[in-house]
Amino acid sequence: MQWADYYAQWKTIMQGGGDVTFWQEFFVKFYQAFIEADRWKQYLNGVGTTLLVTAIALCIGVVLGMLVAVVRTAYDQQRPGQGLTPGRVLLWPLNLVCRVYTTVIRGTPMMVQLMIMGFVIFKSSRNLTMVGALTLGINSGAYVSEIVRGGLMSLDPGQMEAGRSLGLNYIQTMRFIVIPQAFKAILPALGNEFIILLKDTSLLNVIGGKELVYAANGIMNRTWEQMFPLMGVALIYLVLVMIFTWLQGRLERRLRQSDRR
Amino acid sequence: MIDVQNLSKSFGDHLVLDNISEHIHPGEKVVVIGPSGSGKSTFLRCLNLLETPTSGSITFEGKEITDPKADINAIRRQMGMVFQHFNLFPNMTIRKNITLAPVQTKLMGQAEADDTATALLRRVNLEEKADAYPAQLSGGQKQRIAIVRALAMKPKLMLFDEPTSALDPEMVGEVLEVMKELAQEGMTMVVVTHEMGFAREVGTRVLFMDEGHILEQDEPRAFFDRPKEPRTIEFLSKVL
């Protein structure tokens, strides 16, 4: 007999109220949650979307976060007494925009932001997965900006001074000297943010984004069985996070080569 | 070479430099000494605008650098600076530390900058450290690298901000030796230091600063042998 035959046979017994062993029941529920009707493909699709959304949101978040952090640091670091240059005049409103952005995004729940984006701003959009990715990216940017800002501020001001004293301009000094060192310092915090982002993609299913939890939800509604789909989804997230943590560790070891003595 | 007119600098309510006027001629080795908090470092840092003066003007080779329109990056390329805490870039090899600025400011191509770095490293006997990272060097080695990093930009003037104050006593000598050689080659130097021996031996002029003023100045022999101001006499009696 094939697995499918056992499944059909034991399931019939269970539906008739007959006695099955613990392992027979376990097998039936497992088969039903993952194998019956090729349901594993739905989880796989969900994982694909989850990873895609995470990647897009991460890119948006890192770019936004860096921009906001650089603007806010540049604004805080300017020295009084050099008059109003065009750069300074521009920096003031930019800084204000950045502060409003971080305040609003960090001050409202992720779920509410998703619902506002999905049901109000992009009401007529059919591509809810991308709307979700955009929302997550904007949300993540606010947190990343604070992480990056912390990294930029933690660096010895002497590094900036040394760069500038050699005749490099502000942007060159940031690009070659300050940001690479700050990046190394903030990598653990950034990894943390990435993990949170990966798991927050599960919220997308409230606006109908077709990610991993959405797949599990669909299966639960068909089979009236919650434990196996939910455990399966939890396990998938756990494995994804563990893989990522391992990759991050490798990157950290590589960046640490200048520390050897 | 540098002309300082009525320079004042305050941090908040605290007046650090009080109306200083001074002129530094080409080839001079000006040594600035004085007690902590007297404004020596601030004075030096104003010269390349790492500190923005509150009032007054600074002119470098005929160009007023305190003018908001002055290209401060172009001016700083002609002034090297050496810091108390070296400020080498820990994420780069020694070679990269030296070549970064000349290449990025388009003073040299990468190949020429590499050759310059090799030549400069040979000069301070640290050729074999080209591919090491700063964390692998001793304090004295770091400071010698910091000096040649500044020299790679071919500056017309070198500013030294307490270059030996963060070093183990054993390593002070090797750094002063490099500075002496530099002085003998005719480099214009402004040095803030507590090394009275260096001031006496290498300096062409000694400035004594206290509470934001240049209280007294003279050529080193006269300065150390016959100080005039009571505050100078008191300071020298403690440090010599």
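Just so we're clear, the structure is a prediction, and the values are computed from it rather than from any experiment.

What follows covers the sheet that holds strand β2 (residues 14–24) of chain B. Where strands meet in a sheet, backbone hydrogen bonds hold them as pairs that are either parallel or antiparallel. Residue and element names in this part refer to chain B. One open sheet holds the 4 strands; their spatial order is β2-β1-β4-β5, and the pairing between them is antiparallel. Looking along the sheet, the strands with just one partner apiece sit at the ends: β2 and β5 (63–64). Pairing geometry for strand β1 (residues 2–11) and strand β4 (residues 55–60), over 5 bridges, is antiparallel. By the bridge assignment, S8 is partnered in β4 with S55.

The next subject is the pattern of salt bridges. Inspection of the entire model under this criterion finds 22 salt bridges over all chains. Ionic pairing is found between A:K29 and A:E225, a salt bridge with its closest N-O pair at 3.7 Å. Here A:E225 lies in the loop between α9 (212–223) and α10 (227–255) and A:K29 lies in helix α2 (residues 22–34), a separation of 196 residues in the sequence. Of the charged contacts, one joins A:E161 and B:R45 as a salt bridge, the two residues approaching to 2.7 Å between their closest N and O atoms. Of this pair, A:E161 sits in helix α7 (residues 157–165) while B:R45 sits in helix α1 (residues 40–47), each in a different chain. By relative accessible area, A:E161 is classed as buried at 13%. Of the residues examined, B:R45 reaches a relative accessible area of 11% and is grouped as buried. Here the residues in one salt-bridge network are A:R72, A:D76, A:R106, A:E146 and A:R149, joined through shared partners.

Time to look at the state of the cysteines. All names here are of chain A. Applying the stated criterion across every chain yields a total of 0 disulfides over all chains. In this structure C98 is not part of a disulfide, and its nearest cysteine sulfur, from C59, lies 20 Å away. You can call C98 buried: its relative accessible area is 8%.

Conventions and cut-offs
Residues numbered from 1 in each chain as written. Chains lettered and ligands numbered in written order. Predicted model: local features only at pLDDT ≥ 70, side-chain atom pairs only at ≥ 80, totals over all residues. Heavy atoms only, no water. Pairing = 2+ DSSP bridges. Helix = DSSP H or I, 4+ residues; strand = E, 2+ residues; numbered from the N terminus. Salt bridge = Lys/Arg side-chain N within 4 Å of Asp/Glu carboxyl O. Buried < 20%, exposed > 50% of the residue type's maximum accessible area, 1.4 Å probe, protein only. Disulfide = S-S within 2.5 Å.

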